[in-house]
Structure formats: structure tokens, C-alpha cells
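Each chain, written out:
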Amino acid sequence: MSGGDIEAVEAANTLFYETMERGDFDALSGLWLEDEISCVHPGWPVLSGRGEVLRSYALIMANTEYIQFFLTDVKVAVSGDTALVTCTENILSGGPAESAGELGPLMGQLVVATNVFRRTPDGWRIWSHHGSPVLTEGDDSGEQDEEPSA
């Protein structure tokens, strides 16, 4: 494994998130492998194949007015022609605004992600993305510590 491979995978991973921030569906489509791919968005079932995966991104882009990713805890491992990236997605997003020309309400979310890349003649391409929500203290009302009521 070379430092150049790690840098190239980090760049491919960064491009993936930047492309989503721009809402550039055509560019995003070009970042995925042409063959069998998979994706798990937080709270969604497993999506398999280019059609299902890319439709999910089109749906997300169509319904998200604003999204920004701040990546932390990025770790890259490369083995041959496969690379694994784990990171925390600190996401700031907004839905449609009530009034034209305004930004809708902003919402923050933490997601841990695993992105698997494969080396191709055209560079590193995404094979699989898996995102899982991170539960924060505010997400848990503490109900599991209480006795169930009959």
C-alpha cells in the first residue's frame, strides 16, 4: 500500500461528499462502479444495484434544499485494489423553505459511515456506502431504565 493510494482514496471520498453538497447527480453517478453496488442510508433498507442506489440519491437531492458534510475521524485502509474508508459525517441539512428565496429549517445529524472503493482504470470508484445514525444523549429519553408499566 502506498501513500499515494491513501491520498487518492481520501480525494475520492471527499469528492463523493462534495458532489452531494453541490447536488450534482450526474457527477455523483460517475463516482460509483458500473457493476453491482450497494448502499444503506440511515434508517433505510439495503439498496442493491445501480438503479436502486442512484434513484435513492436522486430522491434525496430532490428533497434536500441544503446539505453540508463535515467529516471527522476519517480513516483509510487500502488492500490491493480495494479501499475502506470509515468516517463520521457531521451533517447540516435543510428542507424546503416556507417562503420563496428563504432557506428551510436547518437540522444537524451525526452519521457513522463506511465507504468501500475499488480501483478501476479511471481511478477509485464507490462500491458500497453504509451510513448508520449515531444516537446522542438527546435522542434517548431514558425510558429503558424505567420499569415498564402494566
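Attention in this report is confined to the structure presented alongside it. All of these numbers come straight from a predicted model, not from anything done at the bench. Sequence positions are assigned chain by chain, starting from 1 and proceeding in written order. Local features in this predicted model are restricted to residues of pLDDT 70 or higher, and side-chain atom pairs are both shown and tallied only at a pLDDT of 80 or more, whereas totals for entire chains, interfaces and linings draw on every residue. Only heavy atoms go into the side-chain values, all of them from the structure, while hydrogens and water stay out.

Some details on the overall build of the protein
Helix numbers and strand numbers start at the N terminus; a helix is a DSSP run of H or I with at least 4 residues, a strand a run of E with at least 2. Regarding its fold elements, the protein presents three helices and six strands. Going from the N terminus to the C terminus, the protein shows its helices and strands as α-α-β-β-α-β-β-β-β. Remark: exposure states derive from per-residue accessible area (1.4 Å probe, protein chains only) relative to the maximum for the residue type, with buried under 20%, exposed over 50%, and partly exposed in between. Sorting the 150 residues of the protein into buried and exposed places 33% on the buried side. For the protein, the proportion of contacts with a sequence separation of at least 24, taken over those separated by at least 6, is 51%. Methods summary: accessible areas were calculated by the Shrake-Rupley approach with a probe of 1.4 Å, and residue burial reflects only the protein chains presented. Accessible surface computed for the protein: about 9000 Å², of which carbon and sulfur atoms make up 53%. Pairs of residues are marked as contacts when any of their non-hydrogen atoms sit within 4.5 Å.

What about the pattern of salt bridges?
Any Lys or Arg side-chain nitrogen found within 4 Å of a carboxyl oxygen on Asp or Glu counts as a salt bridge. Applying the stated criterion across every chain yields a total of four salt bridges. Across the pair Glu34 and Arg50 runs a salt bridge whose closest N-O atoms are separated by 3.8 Å. Of the two residues, Glu34 is situated in the loop between helix H2 (25-30) and strand E1 (38-40) and Arg50 in helix H3 (residues 49-62); the sequence distance between them amounts to 16 residues. Arg119 serves as the salt-bridge partner of Asp81, at 2.7 Å between the closest nitrogen and oxygen. Remark: Arg119 occurs in strand E5 (residues 106-120) and Asp81 occurs in the loop between strand E3 (66-79) and strand E4 (82-94); sequence separation between them is 38 residues. Through salt bridges with shared partners, a single ionic network connects Asp5, Asp81 and Arg119.

Comments concerning the packing of aromatic side chains
The rule is short: rings of Phe, Tyr and Trp, with Trp giving its six-membered ring, pair when the centres are within 6.5 Å, and they are stacked under 30 degrees, edge-to-face over 60, tilted in between. Enumeration over the complete set of coordinates arrives at five aromatic pairs. Ring centres of Trp32 and Tyr57 lie 5.8 Å apart, and the angle between their planes is 50 degrees; on these two criteria the pair is classed as tilted. Placement of the pair is Trp32 in the loop between H2 and E1 and Tyr57 in helix H3, with a sequence separation of 25 residues. Accessibility expressed as a relative area gives 1% for Trp32, which makes it buried.

Nothing here speaks to function; it is all geometry.
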